[in-house]
Amino acid sequence: MTAQRETVKPLDGVNVLDFCWVAVGPMTTKYLGEYGATVVRVESVKRPGTLRRAAPFKDGVSGINRSAYFASYNANKMGITVDMRHPRARELMLRMAKWAHLVTENFTPGTMESWGLGFDQLKQENPGIVMFSTSMMGRGGPMEKQPGFGPVLSSLVGLTNLTGWPDRDPVNPYGAYTDFIVPRFAVAAILAGLDRRRRTGEGIHIDMSQLETTLHFSAPVLLDYAVNGREQVRAGNRDPGAAPHGVFPCAGDDRWIALGCFSDAHWEGLQRTISQDGTGWPYNPDFATLLGRKANEDELEQLLSTWTSSWDVGALMETLQSSGVPAGMVNDCRDLFDDAQLRHRGHFQWLDHQEIGPYATDCSEMVLSLSPGSLDTPAPLLGEHNSHVLKDLIGLTDDEYKSLEDEGVLE
Amino acid sequence: MSGDPTGIDFLLAPYRVLDLTDERGILAGKILADLGADVIQIEPPGGSPARNIGPFHGDDPLPEKSLFWWAYAANKRSITLDLEQKDGRALMEKLVAEADFLLESFSPGYLEGLGLTYKRLAEINPKLVMVSITPFGQDGPYSNYQATDIVGMALGGFMYLTGDDDRAPVRISFPQFYLHGGAAGATAAMLAHTHRMIAGQGQYVDVSCQQAVAKTLAHAPQIWDIEGAILKRQGVYRQTSGENRVRINWPCKDGYVNYMVQGGTVAYSTRALLGWMGEDGLDTADLNAIDWEEMGYGAITPELMAQLGGPLGDFFKGHTRAELVQGSLDRRILLFPVATPAALQGHPQLEARGYFKELDHPELGVAVQYPGAFIKSGDGVDIAGLYRRPPLIGEHNLEIYQEEIGLSRAEIESLKRGGVI
């Protein structure tokens, strides 16, 4: 695994045969690509991945290469198109498995085996192969084949039950929330697997249940039930250790400030901002202590909302922060692109895609001082790298390549 | 560099992690510990602030009974150390000399103020990987901002998209902001480690929790970038594109279920549900006539959703959660329960995979079911797991300061009296 670029990246020289699709897998392998791995996505023309068919599309016109959703999660990857049901697909994939250090997939368990590409078969071809499989429920067990998607897994894992107002139905944490929790655990595990391979020469099969992984994002809630028999439920924006604690309206349409007072210092900072002695609003002397504020939280929230609603949200955030009060504007997606800190970090980066044109994708949330990641190439067009990957990387001859093309192994 | 006293041989068994984080980064070390690293949580004398976070065992708010601590410190060892004293820093440098990773989540500039910069620590151990986890990163306009969970979830863009559309945005009631940063810290540590194995050199890594949250937004940023539209929160619905949204949470007879009607590659699920509704005697002819197979992901219009809402809602309300879940499993329908902690405790799949792991707390006379490892091996090799109950405050002081660092009993006594450990 030697460096091939001027800028050394941690995963330079690591070859990834990537069967991942939808979001959780592609976000995982996007990190690998960002940090130097050569990631080749295996796709199908007959059954193109969900995200290729997902909005937003360039100019609102759908097309297999026009989804910015797909494009964002598949930067720095190459793509080939293979008919996995073709009798010769297996032979080609096994040849690629010899090239690969890592095979990744997030199909329903059993899918890779049905193609003759289970871990045992890959290992015969390449004893050092690391295989990463992630599925909703993990391999084995009565529900291993339960199909599903991240948007519903947040319910299954109990996070939906913890989100929303106590007087209303629970709501879903935005989007396919668990899909974006799992990848960091996944990358850590994959790199630990590759490390073991480096030390021992042995391949390994990592099996990750997205349910089991995501439960670590609410583990104390599970312990509370296991130990105390308590079932925690949604509490809106309140927090047992703070008051006020919530989201309050600001001037304009759907503008909000989030703030929380966990200490006297926070509370005094808020009071100082309102006025030196809190008299800028109908002040209740009971508010002087946390317990007093908790006991009168409805009234406190109402008064505070009246005060915040005349503020510009950005000015209020800066003012409160300068008084030592934890406060932040509720950023919408336009705000994110203007957010001074995210801009400072270079969170969004634009790549130029052949059919979409310039599009935004997000960089990783870590800056490595010596070997930083970078996103350099846009997501592949469907089948864009068939020739390059199979001839230049795998070493197929022109004749071999042509026969795969002619027989429809390559789509 | 370290031998794990338990003889565990998981993926990261050869490596030692010094974990200076509090609740703002505690998950990073937990992930590495579950993968087998020897993670030493370094607490200030008196204990980590993470021990003040409830709930508590028996609702007794003591530092040894914090369930937050239990959840994220299991598998770790604990020593105490006061970094603000010279002796504490000298000990820290001795520990760094033998460590592979250092994780920390102090406010930017705090360690620098104590002279514990990466530059200084790398002079002691050039292979050290140091990871800092902070709300916004080490520098930039917000780097000194005060952040709590709700502030971070707001600035990361998550809250605007979550909650009922006629009320304020909501957070997830169990704090998530620092968990995202903590998980990213583990990823970051392993990336830098991988580089160290090639280049023979450690490095410093700066993780931003705000960015980690902003990476949970799926295609919402692209919808602004490409369409100039701002996605809004949709309560029990899920916005799929432009004006289009689908209902995802549905009341049933005895709780809630989660079902998202979709076409395209998962049209089979919609067809199967319509089939089941037909078995119940509901008229689904109009709905079955729709070309689900050719429908793209965000293509369900408000009109179509309105047409679907009545019959689907009636169907769900006529069945219990258990009936709907089992029936969907039998028919390959993408429907899930809105789970409660009780349902998770007895979950058949988690039980079959042996997910929950019992750890003894002999001091309290209890055995507790913990969430287990987040990976298994598909081929029977032990690669990760839960094997050690969360440490008491400074439980491993003697083991580490005496047996590993080589301090004498008298020196340890002095440090204890001096409030260093």
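Residues numbered from 1 in each chain as written. Chains lettered and ligands numbered in written order. Predicted model: local features only at pLDDT ≥ 70, side-chain atom pairs only at ≥ 80, totals over all residues.

**A look at the overall build of chain A**
For step 1, the next point in the chain: A count of helices and strands for chain A gives 17 helices and 12 strands.
For step 2, the next point in the chain: Principal axes of the C-alpha set define a box for chain A whose edges measure 85 × 50 × 40 Å.
For step 3, the next point in the chain: Within chain A, residue pairs in contact and separated by at least 24 positions form 68% of the contacts whose partners lie at least 6 positions apart. (Helix = DSSP H or I, 4+ residues; strand = E, 2+ residues; numbered from the N terminus. Contact = placed C-beta atoms within 7 Å.)

**A look at the domain arrangement of chain B**
For step 1, the next point in the chain: Entries for chain B in the domain assignment read domain 1 (16-215 + 353-417) and domain 2 (234-338).
For step 2, the next point in the chain: When each unit is reduced to the centre of its C-alpha atoms, the spacing between domain 1 of chain B and domain 2 of chain B is 42 Å. (Domains from an automatic or database assignment.)

**Concerning the pairing of strand 4 (residues 101-104) of chain B**
All names here are of chain B.
For step 1, the next point in the chain: Covered by surrounding structure in strand 4 are Phe101 and Leu103 together with Leu102 and Glu104, the residues of both alternating faces.
For step 2, the next point in the chain: The pairing of strand 1 (residues 16-19) with strand 4 spans 3 bridges and is classified as parallel. Along strand 4, the bridge assignment pairs leucine 18 with leucine 102.
For step 3, the next point in the chain: Relative to strand 5 (residues 129-134), strand 4 runs parallel, the two sharing 4 bridges. The residue of strand 5 that forms the bridge with glutamate 104 is serine 132. (Buried ≥ 20, exposed ≤ 12 C-beta atoms within 10 Å, placed from the backbone. Pairing = 2+ DSSP bridges.)

**A short note on the interface of chain A and chain B**
For step 1, the next point in the chain: On the side of chain B, 128 residues touch chain A, which itself brings 135 residues to the contact.
For step 2, the next point in the chain: For the side of chain A that touches chain B, the element with the most residues is helix 7 (residues 182-200) of chain A, which contributes 11 residues.
For step 3, the next point in the chain: Its residues placed into classes, the side of chain A that touches chain B shows 75 nonpolar, 39 polar and 21 charged.
For step 4, the next point in the chain: Pairing geometry for strand 6 (residues 204-209) of chain A and strand 14 (residues 376-377) of chain B, over 2 bridges, is antiparallel. Paired with Asp207(A) across the bridge in strand 14 of chain B is Lys376(B). (Nonpolar A, V, L, I, M, F, W, Y, C, P; charged D, E, K, R; others polar.)

**So, the pairing of strand 8 (residues 244-247) of chain B**
Residues and elements named next belong to chain B.
For step 1, the next point in the chain: Looking at chain direction, strand 7 (residues 237-241) and strand 8 are connected through 4 bridges and run antiparallel. Bridging across to strand 8, glutamine 239 finds its partner in arginine 245.
For step 2, the next point in the chain: Linkage of strand 7 to strand 8, two consecutive antiparallel strands, is achieved through a turn of 2 residues, within which glycine 242 is found at a positive phi near 45 degrees.

**Details of the packing of helix 1 (residues 24-34) of chain A against helix 7 of chain A**
Relative placement of two packed helices is described by the angle separating their axes and the distance separating the axes.
Residue and element names in this part refer to chain A.
For step 1, the next point in the chain: At their nearest, the axes of helix 1 and helix 7 sit 9 Å apart, and the two run at 50 degrees to each other. What the angle tells us is that helix 1 and helix 7 run oblique. Here helix 1 and helix 7 pass one another in a crossing that is right-handed. Note on element contacts: helix 7 touches helix 1 through Val182, Pro183, Ala186 and Val187, opposite Val24, Met27, Thr28, Tyr31 and Leu32.
For step 2, the next point in the chain: The residue inventory of the contact of helix 1 with helix 7, partitioned by class, reads 8 nonpolar, 1 polar and no charged. (Axes fitted to C-alpha atoms, helices over the stretch in contact; angles between N-to-C directions. Parallel < 35°, antiparallel > 145°, perpendicular 65-115°, else oblique. Left-handed = near helix turned anticlockwise from the far one by under 90°.)

**Quick look at the domain arrangement of chain A**
For step 1, the next point in the chain: Taken as a whole, chain A is organised into domain 1 (15-217 + 347-406) and domain 2 (245-338).
For step 2, the next point in the chain: Relative to domain 2 of chain A, the C-alpha centre of domain 1 of chain A lies at a distance of 42 Å.

**Some remarks on the environment of Trp256(A)**
Residue and element names in this part refer to chain A.
For step 1, the next point in the chain: Relative to the helices and strands, tryptophan 256 is located in strand 8 (residues 256-260).
For step 2, the next point in the chain: You can call tryptophan 256 buried: it has 22 C-beta atoms within 10 Å.
For step 3, the next point in the chain: Counting along the chain gives 150 residues from tryptophan 256 to aspartate 406, while the straight-line C-alpha distance between them is 59 Å.

**Things to note about the confidence of the model for chain B**
Residue and element names in this part refer to chain B.
For step 1, the next point in the chain: Looking at chain B as a whole, its pLDDT mean stands at 94, while 98% of the residues score no less than 70.
For step 2, the next point in the chain: This stretch, residues 1-5, has a pLDDT under 50; its non-local contacts, to residues over four places away or in other chains, come to 8 contacts.
For step 3, the next point in the chain: This prediction of the complex comes with two scores: 0.95 for pTM and 0.97 for ipTM. (pLDDT = per-residue confidence, 0-100.)

**What to know about unusual backbone geometry**
For step 1, the next point in the chain: A cis amide bond links Ala55(A) with the next residue in sequence, Pro56(A), at an omega value of 5 degrees.
For step 2, the next point in the chain: Counting through the fold element by element, Pro56(A) comes out in the loop between strand 2 (38-43) and helix 2 (68-73).
For step 3, the next point in the chain: Positive phi is not limited to glycine here, since Asn76(A) has a value of about 65 degrees.
For step 4, the next point in the chain: With respect to the element layout, Asn76(A) can be found in the loop between helix 2 and strand 3 (77-81).
For step 5, the next point in the chain: The exposure class assigned to Asn76(A) is buried, which follows from the 25 C-beta atoms found within 10 Å.
For step 6, the next point in the chain: Positive phi values are uncommon outside glycine, yet Ala218(B) reaches one of about 55 degrees.
For step 7, the next point in the chain: The buried category is assigned to Ala218(B), around which 25 C-beta atoms lie within 10 Å.

**A look at the sheet that holds strand 1 of chain B**
For step 1, the next point in the chain: As summarised here, the arrangement of the 7 strands in space is 12(A)-6(B)-5(B)-4(B)-1(B)-2(B)-3(B), forming an open sheet in which the pairing is mixed. Among the strands making up the open sheet, the edge pair consists of strand 12 (366-368) of chain A together with strand 3 (77-80) of chain B. If you compare each strand with its neighbour and ignore which way they point, the axes differ by 20 degrees on average.
For step 2, the next point in the chain: Across the sheet, helix 7 (residues 177-199) of chain B is in contact with strand 12 of chain A together with strand 4, strand 5 and strand 6 (203-208) of chain B; its angle to strand 5 of chain B comes to roughly 160 degrees.

**Structural notes on the environment of Thr240(B)**
All names here are of chain B.
For step 1, the next point in the chain: Within the secondary structure, threonine 240 sits in strand 7.
For step 2, the next point in the chain: The exposure class of threonine 240 is buried, given the 23 C-beta atoms found within 10 Å.
For step 3, the next point in the chain: As a C-alpha pair, threonine 240 and glycine 394 span 154 residues in sequence and 51 Å in three-dimensional space.

**Some remarks on the sheet that holds strand 7 (residues 245-249) of chain A**
Residues and elements named next belong to chain A.
For step 1, the next point in the chain: In space, the 3 strands of this open sheet follow the order 7-8-9, with antiparallel pairing throughout. At either margin of the open sheet sits one strand with a lone partner, and together these are strand 7 and strand 9 (327-329). On average, each strand axis in the sheet is tilted by 20 degrees relative to the strand beside it, whichever way the strands run.
For step 2, the next point in the chain: The sheet contact formed by strand 7 and strand 8 spans 5 bridges and is antiparallel. By the bridge assignment, glycine 246 is partnered in strand 8 with leucine 259.
For step 3, the next point in the chain: In the packing of helix 12 (residues 297-308) onto the sheet, contacts are made with strand 7 and strand 8, and the angle to strand 7 comes to roughly 40 degrees.
For step 4, the next point in the chain: On top of the sheet, helix 13 (residues 313-322) reaches strand 8 and strand 9; it is set at about 165 degrees to strand 9, its chief contact.

**As for the nonpolar core**
For step 1, the next point in the chain: Ranked by internal contacts, the top residues of the largest apolar core, which has 261 residues, are Ile257(A), Ala258(A), Leu32(B), Leu35(B), Val131(B) and Ala189(B).
For step 2, the next point in the chain: Broken down by element, the residue count for this core peaks at 11 residues, all from helix 7 of chain B. (Core = buried A, V, L, I, M, F, W, Y, C linked by C-beta atoms within 7 Å.)

**A look at the packing of helix 7 of chain A against helix 7 of chain B**
For step 1, the next point in the chain: Viewed as axis vectors pointing N to C, helix 7 of chain A and helix 7 of chain B meet at an angle of 25 degrees, and their least axial separation amounts to 8 Å. On the basis of their axis angle, the class for helix 7 of chain A and helix 7 of chain B is roughly parallel. As for how helix 7 of chain A packs across helix 7 of chain B, the hand of that crossing is left-handed. Of the residues in helix 7 of chain B, those touching helix 7 of chain A at Arg184(A), Phe185(A), Val187(A), Ala188(A), Leu191(A), Ala192(A), Asp195(A) and Arg198(A) are Ala183(B), Ala184(B), Ala186(B), Thr187(B), Met190(B), Leu191(B), His193(B), Thr194(B) and Met197(B).

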